[in-house]
Amino acid sequence: MNRGKEPLLSTLEKNFVLEAIRESKRLDGREVYDYRRFQITLAREPGHVEVQLGSTRVLTCVSCEVIQPQPHRPTEGQLFFNVELSPMASPAFEVGRSSSQGTEIGRILERCFKESRAVDTESLCIIAGEKVWSIRIDLHVLDHCGNIIDCAAVAAITALKHFRRPDVTVIGEEATIHPVTVRDPVPLSVHHMPLCVTFAFFWEGQYLLVDPTHSEEAVMDGRLVVGVNIHREICALQMAGGVAILPEQVMRCSQIAAVKCAEMTEIIKSALAGAQPGAKSGSYMCLEWYY
């Protein structure tokens, strides 16, 4: 598990964190299965969302363009994830260079969203074999204080639900894309809302916790990311690190992840409801604690 150039903790700090975990305690006072506070901010511009998990912040911008479809999928649009890790988020990240951590986050999100068919890509087709919509999800990590993956997953699905693409009229072989000033843009067809729940393992897999902080990630032996939706369907699984875990532990983590996913989904729905037309404000801020 490559941690790049993350600042190292001293031996005393490592031992302190590990001993606290062995006593089922955490430095920020949470229980082992607790999340930090979520804050979701929706901008007036559709598809622009900022999510804060504790002190970890991710800004997501969704955009679209018309492209030619892939030859083997002439009636399907495309989803593209781009994760930007800048030095503003952490000194470990370098300007203009893609890191292994950013690539890993992007791949997990692609598996979680694309392979589970979360977005109806066939609804993105304009003219079969000629024109389809390409949806681009840009995720900018503003602050890295641990567990970027879960924060990015919430930001991505919230932005996709919040996004609106231009309306299109097709007559024969001619397609007309209407500006938002002429016709109201239309939402994407989202089948379900996959989210990621990250578990960190310590002491050779004997102890685990949810939503690790930066210091907890620095001393963990391994990590399991469970992608799941509110229907308790597993959308992705990713294990990193050298620790071996038992099948019973994977099942236990999957059950916990389903519960956490249901809680996070309700918060996302509440935030989106506050941003619908007719809401009191053009942006909505949601603050919740998980216990």
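Attention here is on the structure that accompanies the text.

Scoring rules and cut-offs
- Residues numbered from 1 in each chain as written.
- Predicted model: local features only at pLDDT ≥ 70, side-chain atom pairs only at ≥ 80, totals over all residues.
- Heavy atoms only, no water.
- Phe/Tyr/Trp six-rings, centres within 6.5 Å; stacked < 30°, edge-to-face > 60°.
- Buried < 20%, exposed > 50% of the residue type's maximum accessible area, 1.4 Å probe, protein only.
- Helix = DSSP H or I, 4+ residues; strand = E, 2+ residues; numbered from the N terminus.
- Lys NZ or Arg CZ within 6 Å of the ring centre and 35° of its normal.
- Contact = heavy atoms within 4.5 Å.
- Polar contact = N/O pair within 3.5 Å; in protein donor to acceptor, adjacent residues only side chain to side chain.
- Core = buried A, V, L, I, M, F, W, Y, C linked by side-chain atoms within 4.5 Å.
- Axes fitted to C-alpha atoms, helices over the stretch in contact; angles between N-to-C directions.
- Parallel < 35°, antiparallel > 145°, perpendicular 65-115°, else oblique.
- Left-handed = near helix turned anticlockwise from the far one by under 90°.
- Nonpolar A, V, L, I, M, F, W, Y, C, P; charged D, E, K, R; others polar.
- Salt bridge = Lys/Arg side-chain N within 4 Å of Asp/Glu carboxyl O.
- Pairing = 2+ DSSP bridges.

### Re the packing of aromatic side chains
What the rule picks out here adds up to 2 aromatic pairs. Look at Tyr35 and Phe38: their rings are 5.7 Å apart centre to centre, the planes differ by 35°, and that puts the pair in the tilted class. Accessibility classification places Tyr35 together with Phe38 in one group, the buried group. Aromatic side chains Phe81 and Phe113 sit 5.4 Å apart centroid to centroid with 55° between the ring planes, which places their arrangement in the tilted category. Remark: Phe113 occurs in helix 2 (residues 100–113) and Phe81 occurs in strand 4 (residues 78–85); sequence separation between them is 32 residues. Grouping residues by exposure puts Phe81 and Phe113 together as buried. Note that Arg22 overlies the ring of Trp203, its terminal NZ or CZ placed 4.1 Å from the centroid.

### So, the environment of Leu109
As for its position among the elements, Leu109 is in helix 2. On the basis of relative accessible area, Leu109 is assigned to the buried category, the value being 0%. Taking C-alpha positions, Leu109 is 8.7 Å from Ala236, a pair spaced 127 residues apart along the chain. Residues within four places of Leu109 in sequence aside, it is in contact with Phe81, Lys114, Leu139, Ala152 and Ala153.

### Things to note about the side chain of Thr56
Take Thr56: it is sitting in strand 3 (residues 56–67). Overall, Thr56 belongs to the buried group, its relative accessible area being 0%. Here the side chain of Thr56 touches Gly146 through a polar contact of 2.8 Å, landing on its backbone oxygen. Leave out the neighbours within four places in its chain, and Thr56 touches Arg36, Val51, Asp143, His144, Cys145, Gly146, Asn147, Ile148 and Cys151.

### Some remarks on the nonpolar core
In terms of nonpolar packing, the biggest core is built from 72 residues, with Ile40, Phe113, Ile135, Ile137, Leu139 and Phe199 touching the most fellow members. When residues of this core are assigned to their parent elements, the largest contribution, 11 residues, is made by helix 3 (residues 148–162). When sequence neighbours within four positions are dropped, the list of residues in contact with Ile135 reads Val62, Ser63, Cys64, Gln78, Leu79, Phe80, Leu124, Leu160, Phe163 and Leu188. Val17, Leu18, Ala200 and Met220 belong to the second-largest nonpolar core, a separate cluster that totals 8 residues.

### Overview of the packing of helix 2 against helix 3
A pair of packed helices is captured by two measures, namely the crossing angle of their axes and the spacing between those axes. Between helix 2 and helix 3, the least distance of the axes is 10 Å, while the angle of their chain directions is 50°. Judged by the angle between their axes, helix 2 and helix 3 are oblique. The element helix 2 and its partner helix 3 pack so that their crossing is right-handed. Residues Gln101, Ile105, Ile108, Leu109 and Phe113 of helix 2 pack against Ile148, Ile149, Ala152, Ala153, Ala156, Ile157 and Leu160 of helix 3. Partitioned by chemical class, the residues of the contact of helix 2 with helix 3 number 11 nonpolar, 1 polar and no charged.

### Digging into the pattern of salt bridges
Evaluated as defined, the whole model comprises 14 salt bridges. With a shortest N-O distance of 3.1 Å, Arg57 and Glu50 are connected by a salt bridge. Overall, the relative accessible area of 23% leaves Glu50 in the partly exposed class. The salt bridge partner of Glu263 is Lys260, with a shortest N-O separation of 3.9 Å. Highlighted residues: Glu263 and Lys260, both in helix 5 (residues 247–274), separated by 3 residues, approximately one helical turn. Assessed through its relative accessible area of 26%, Glu263 is described here as partly exposed. The exposure class assigned to Lys260 is buried, which follows from its relative accessible area of 5%. Salt bridges sharing partners connect three or more residues here, namely Asp28, Arg30, Arg36 and Asp211.

### Section: the packing of helix 3 against helix 5
Running from amino to carboxyl end, helix 3 crosses helix 5 at an angle of 35°, the nearest separation of the two axes being 11 Å. Helix 5 is crossed by helix 3, and the crossing has right-handed handedness. Here helix 3 contributes Val154, Ile157, Thr158, Lys161 and His162 to the contact with helix 5, which in turn contributes Met264, Ile268 and Leu272. Tallied by class, residues from the contact of helix 3 with helix 5 come to 5 nonpolar, 2 polar and 1 charged.

### Concerning the pairing of strand 1 (residues 38–42)
Along any regular strand, the residues point their side chains to alternate faces of the sheet. Burial of strand 1 is extensive: 4 of the 5 residues sit out of reach of the surface. Sheet topology note: the strand 1/strand 2 (residues 48–53) ladder contains 5 bridges and is antiparallel. Considered in strand 2, the bridge of Leu42 is made with Val49. Hairpin connection between strand 1 and strand 2: a loop of 5 residues separates the two successive antiparallel strands, and Gly47 in this loop has a positive phi of roughly 90°.

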